Amino acid sequence: MHGLAAYQFIAFVDQEQLDRLRERLGRRSAQKGAATMARDEQVASMLAVALIVGAFASIPTTVQSIGVCYGVNGNNLPSRSDVVQLYRSKGINGMRIYFPDKQALDALRNSGIGLIVDTGNDVLGQLASSASNAASWVQSNVRPYYPAVNIKYIAVGNEVAGGATQSILPAMRNLNGALAAAGLGAIKVSTAVQSGVIANSFPPSSGVFAQGYMADVARYLASTGAPLLANIYPYFAYRGNPRDISLGYATFQPGTTVRDNGNGLTYTNLFDAMTDAVVAALEKAGAGGVRIVISESGWPSAGGFGASVDNARKYNQGLIDHVGRGTPKRPGALETYIFAMFNENQKGGDETERNFGLFYPNKQPVYPIRF
């Protein structure tokens, strides 16, 4: 139950209880004097207030969406249907997949799980080169599944670098056109970027896009109402500069406060500071109204400097508990996807890359976590 319907239900229940109370008091008051009637009416009014306060206290103060990224670079992972069941059993209401994985899409039917689907970087050039390629992609990878699969966003490329960045905007335009033509315009098209697209990220108010293509992307997102998908990793910032960044500040632990004289705001964790640098860059690009969705964030539990079960638990639990409040620059619920669901034994890169999972492949948690 959401929004107005929830409030209407509460009002109905409380009024029914109140009417029953008034009826009982009315029977009593008819047998007693006027003073008793006045006192009983006051009691009824006080109870009405208590009922209303109690009802509203039961409503969450923030509505937040916590998703988890589902990578499949492992030879020992559970079946797609078992994975979807694990998401649902843990109350995880969002997922990101890194290519249009048909087995995963089939398993997600009627699950209600909100989904980010990546196109994959390998098809970026094809999608950018022609509208017909984009239409074919939509017909193969979206139309057979939506709306039974709750596809919210399509990520046109993930952390695209080099010359391929010039394909992002034309690919987004072609996909938006294809979705609109297919009657699927409710699905938002974006791209997932890493924090390296921001120059001058400290203090946060100094954030600006490092290259011109990102300003063009940002303004296009503003025109379509789509969010920017941002991969935000305090872990890598901490690992790269542990002398100036404290572990506590990077893992949502209290004790560190940093003031940004540029915007007058105070920061108590690195995640907020990094996210608000993206906000500042959007504003400088003339796209200050573009929403941010955190499409990846996490901390490894093993494999390198600062990577431990305790640090990973502190960071990811801190992230889950924090994002409902948003950032100093943008208070309010911040849709966030944790990386990743499983440790993936075939993932490339250094050892930490294979240890970002919340769960082992046998579906046992790497550490306790509350969603």
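By the naming in an unreviewed UniProt entry, the protein chain is Beta-1,3-glucanase, taken from Urochloa decumbens. Taken directly from UniProt, the Sequence similarities (unreviewed entry) text for the protein chain runs: "Belongs to the glycosyl hydrolase 17 family."

Now for the overall build of the protein chain. Across its full length, the protein chain carries twelve helices and twelve strands. Expressed as a percentage of the 371 residues in the protein chain, the buried residues total 49%. In the protein chain, of all internal contacts separated by at least 6 residues, the share reaching a separation of at least 24 is 68%. For the protein chain, the exposed surface amounts to about 16,700 Å²; the carbon and sulfur share of it is 53%.

Within the secondary structure layout, V117 lies in strand β3 (residues 114-118). Setting aside its immediate chain neighbours within four residues, V117 contacts I97, F99, P100, L105, W137, I151, Y153, I154 and A155.

Take the environment of G225 next. Tracing the chain through its elements places G225 in the loop between α8 (212-224) and β8 (228-231). Note on G225: relative accessible area 52%, which makes it exposed.

Attention now moves to the side chain of D272. Here D272 is to be found in helix α11 (residues 270-284). One polar contact links D272 to H322, side chain to side chain, over a distance of 2.8 Å.

Now for the packing of aromatic side chains. If you walk through the whole model with that rule in mind, you get 14 aromatic pairs. When the centroid spacing of 5.2 Å and the interplanar angle of 65° are considered together, the rings of Y235 and F236 count as edge-to-face. Given the relative accessible area of 0%, Y235 is considered buried. The partly exposed category is assigned to F236, whose relative accessible area is 28%. Between Y235 and W299 the ring centres are 5.0 Å apart and the planes differ by 70°, which places this aromatic pair in the edge-to-face class. Remark: W299 occurs in the loop between β11 (292-297) and α12 (309-322) and Y235 occurs in helix α9 (residues 234-240); sequence separation between them is 64 residues. You'll find Y235 and W299 in the same group, each marked buried. By the ring-pair criterion, three or more aromatic residues cluster together here, those being Y98, Y233, Y235, F236, Y238, F252, F271, W299, F305, Y315, F339 and F356.

This prediction gives the protein chain a mean pLDDT of 87; 83% of its residues lie at or above 70. Residue range residues 1-63 is modelled with pLDDT below 50. Its contacts to residues more than four positions away, or to other chains, number 25 contacts.

On to the pattern of salt bridges. It is possible for side chains of opposite charge to pair when their charged atoms get near one another. Scanning the model with the defined rule gives 16 salt bridges in all. A salt bridge links R239 to D350, with the nearest nitrogen and oxygen atoms 3.2 Å apart. Highlighted residues: R239 in helix α9 and D350 in the segment after β12 (336-338), separated in sequence by 111 residues. Accessibility expressed as a relative area gives 29% for R239, which makes it partly exposed. Taking the relative accessible area as the measure of exposure, D350 reaches 35% and is therefore partly exposed. Each of the salt bridges in this network shares a partner with another, and the network as a whole consists of R96, D118 and E296.

In sheet architecture, strand pairing relies on hydrogen bonds along the backbone and comes in two forms, parallel and antiparallel. Pairing is parallel in the closed barrel, where eight strands are placed in the order β1-β2-β3-β4-β5-β8-β11-β12. Across this sheet, the average inter-strand angle for adjacent strands is 25°, counted without regard to direction. Together, β5 (188-194) and β8 form the strand contacts of α8, whose direction differs from that of β5 by roughly 150°. Here α12 sits on the sheet in contact with β1 (66-70), β11 and β12, set at roughly 160° to β12.

Cut-off values and rules
Residues numbered from 1 in each chain as written. Predicted model: local features only at pLDDT ≥ 70, side-chain atom pairs only at ≥ 80, totals over all residues. Heavy atoms only, no water. UniProt positions renumbered as here; feature names shortened; annotations may be inferred. Helix = DSSP H or I, 4+ residues; strand = E, 2+ residues; numbered from the N terminus. Buried < 20%, exposed > 50% of the residue type's maximum accessible area, 1.4 Å probe, protein only. Contact = heavy atoms within 4.5 Å. Areas by Shrake-Rupley, 256 points an atom, 1.4 Å probe, with all protein chains shown as cover. Polar contact = N/O pair within 3.5 Å; in protein donor to acceptor, adjacent residues only side chain to side chain. Phe/Tyr/Trp six-rings, centres within 6.5 Å; stacked < 30°, edge-to-face > 60°. pLDDT = per-residue confidence, 0-100. Salt bridge = Lys/Arg side-chain N within 4 Å of Asp/Glu carboxyl O. Pairing = 2+ DSSP bridges. Axes fitted to C-alpha atoms, helices over the stretch in contact; angles between N-to-C directions.

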